[in-house]
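# Survey of secondary and tertiary structure
Single-letter residue listing:
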Amino acid sequence: MASSGITVITPDENTKVIVLVPANRYESIDKYLDPADLEEEANEEAAGLDVGRTLSDVESTNNAEVTTGSPLDNLPPVPGLDLYDFRDYIPSNTAVIWSGLEQIYSAPLQNMYGRVSRHLENIHWEHITSWNNQTSLPQAYQISYTTSLRITEGSEKETETTTSTTVTITINVPAHTLLVFYQRRYDFRDETNFSHFRDRRNRSIAVWNAHSPLERKISRVQIMSEEYFTSTRHLPPGPGSVHITGVPQAQLPSETIRRNDTMPRARRNLSWMGL
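All values reported here derive from a predicted model rather than from experimental measurement. (Residues numbered from 1 in each chain as written. Predicted model: local features only at pLDDT ≥ 70, side-chain atom pairs only at ≥ 80, totals over all residues. Heavy atoms only, no water.)

## Considerations on the overall build of the protein chain
- For the protein chain, the count of helices and strands is two helices and 13 strands.
- For the protein chain, the proportion of contacts with a sequence separation of at least 24, taken over those separated by at least 6, is 77%.
- A total of about 15300 Å² of accessible surface is found on the protein chain, and carbon and sulfur atoms cover 48% of it. (Helix = DSSP H or I, 4+ residues; strand = E, 2+ residues; numbered from the N terminus. Contact = heavy atoms within 4.5 Å. Areas by Shrake-Rupley, 256 points an atom, 1.4 Å probe, with all protein chains shown as cover.)

Spelled out as structure tokens, the structure:
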């Protein structure tokens, strides 16, 4: 049987592989595929996707938190902090405020999880509006402001608002008083590494053609919270400093697997994430 060779450039441009394809376009291409592709597709067709299976079915997580869906749908609350002197407060330490495992997919012979570590980068008081009551009587004003979760990096779009809620309250402004309304915003950075179960082994996914460093996705999120406060003066920019009590990172397997040795479905998921 005659066959032709195609040179394929992998993400490492210094590495080339030869892929054989049928010369006859009516001939099945199955025999030319990576055996892992055939194993994956055949088993998933036979057994179907087991989306609900947790990581504990294949390896202990040492009681690490496991959730399903996007990490952005599982944002933890941030403890209220009495910070009212500056518009911005920057953590003085490496502030990992939450870490957990997110299921990306689960199938009969393989699965993939993301270990998300959420860092608090900034606490900001957003100036929404102000009132200057120059009368001799107190005045009541009604204001509506919006809470939202906004992805500023790590989304297919340049910016993306995923959730929002409108809150309406009444503010009383004393006589002869300037009152400034601020809403608290949190800026987070999510760093995600990945684990992959195949061949009865659970391993952390490294970059192409190497076992170090690990693949990593960076996402940045802004949360406009429901917290607000009013001040009789405009806050100076600062920044102030705040110490955050961090949490330990969820554990990843110590053994690694090169990205090019993962199952095709895992590689596709990483590509869909822009990696």
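Back to the text.
## Some details on the environment of Tyr182
- With respect to the helices and strands, the residue Tyr182 is situated in strand β9 (residues 177-198).
- Distance from Tyr182 to Thr129, taken between C-alpha atoms, is 7.4 Å for residues 53 residues apart in sequence.
- Setting aside anything within four residues of it in sequence, one finds Tyr182 in contact with Arg87, Trp125, Glu126, His127, Glu227, Tyr228, Phe229, Ser231, Arg233, His234 and Leu235.
- A polar contact is formed between the side chain of Tyr182 and the backbone nitrogen of Leu235, at a distance of 2.9 Å. (Polar contact = N/O pair within 3.5 Å; in protein donor to acceptor, adjacent residues only side chain to side chain.)

## Some words on the pattern of salt bridges
- Evaluation of the coordinates by the stated rule reveals twelve salt bridges.
- When the shortest N-O distance is used, the salt bridge between Arg216 and Glu191 registers 3.7 Å. Pair noted here: Arg216 is in the loop between β10 (201-205) and β11 (217-231) and Glu191 is in strand β9, with a separation of 25 residues, a long-range link.
- The class for Glu191 is buried, based on a relative accessible area of 17%.
- Two residues, Arg258 and Asp261, come together in a salt bridge whose shortest N-O distance is 2.9 Å.
- According to the relative accessible area criterion, Arg258 is partly exposed, its value standing at 27%.
- One salt-bridge network, held together by shared partners, links Glu121, Arg189, Glu191, Arg216 and Arg220. (Salt bridge = Lys/Arg side-chain N within 4 Å of Asp/Glu carboxyl O. Buried < 20%, exposed > 50% of the residue type's maximum accessible area, 1.4 Å probe, protein only.)

## Here's the deal with unusual backbone geometry
- Put simply, Ser212 and Pro213 share a cis peptide bond, and its omega is 0 degrees.
- Within the secondary structure, Pro213 is located in the loop between β10 and β11.
- Residue Pro239 is reached from Gly238 by a cis peptide bond, and omega for that bond is 10 degrees.
- You can see Pro239 is positioned in the loop between β11 and β12 (240-242).
- Its identity is not glycine, yet Arg200 carries a phi of approximately 60 degrees, on the positive side.

Any link to function would need more than the numbers given here.
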